[in-house]
Amino acid sequence: MDTARYEAASGVQAFGYAAILVVGVACVAGLIWAFRLGMKVRRREPGPPRPEEQPKMPPSGPVHETREVREPNEVPRSTDGERLTPHQLGNVGTKRADDQERARWSSGSSGSFGGGGGQT
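A brief look at the structure comes next. Computed from a predicted structure; not experimentally measured. (Residues numbered from 1 in each chain as written. Predicted model: local features only at pLDDT ≥ 70, side-chain atom pairs only at ≥ 80, totals over all residues. Heavy atoms only, no water.)

### Digging into the overall build of the chain
Within the chain one finds two helices and two strands. Secondary structure elements of the chain, listed N to C terminal, follow the sequence α-β-α-β. Counting over 120 residues, the chain shows a buried share of 2%. Entry remark: accessible area of the chain is about 11,800 Å², with carbon and sulfur atoms responsible for 59%. (Helix = DSSP H or I, 4+ residues; strand = E, 2+ residues; numbered from the N terminus. Buried < 20%, exposed > 50% of the residue type's maximum accessible area, 1.4 Å probe, protein only. Areas by Shrake-Rupley, 256 points an atom, 1.4 Å probe, with all protein chains shown as cover.)

Shown next as structure tokens:
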């Protein structure tokens, strides 16, 4: 029998176990370091707000949602015929529409293309 092969194989196997052990210890050490760093950072942060620092309801009561139909503002036009660049346009917002009636689908239609409904 050739025992040199078995001894060499057992040496490689022991090296593999040692490498796994070293990597495992390094992982655990890294996790402990990260946990301690997180605790240190958390200690520096301010604590949770006290009850008197919590937001309060306005004296007029709860604020409710309002729904309204909006339409875009008129886009500014150039006076000298040159085109306007985006920074010259500014914030083109919206305004309250005069007609507050919501747009509806035509009757007899589902509103989708090819959705059926009556033929006109």
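There is more to say, and it comes next.
### As for the pattern of salt bridges
Evaluated as defined, the whole model comprises six salt bridges. Residues joined by salt bridges that share partners form a network here, namely Arg 50, Glu 52 and Glu 53. (Salt bridge = Lys/Arg side-chain N within 4 Å of Asp/Glu carboxyl O.)

### Looking at a nonpolar patch on the surface
A surface patch of nonpolar side chains, about 300 Å² in accessible area, is lined by Trp 33, Leu 37 and Val 41. You can see Trp 33 is positioned in helix α1 (residues 3–44). (Patch = residues over 30% accessible without salt bridge, like charges linked within 9 Å, V, L, I, M, F, W, Y side chains within 5 Å.)

### Some thoughts on the environment of Gly 93
Summarising the element assignment, Gly 93 is placed in the loop between α2 (86–89) and β2 (94–96). Separated by 19 residues in the primary sequence, Gly 93 and Glu 74 have C-alpha atoms spaced 8.8 Å apart. The residues touching Gly 93, leaving out its near neighbours within four places in the chain, are Pro 72 and Asn 73. (Contact = heavy atoms within 4.5 Å.)

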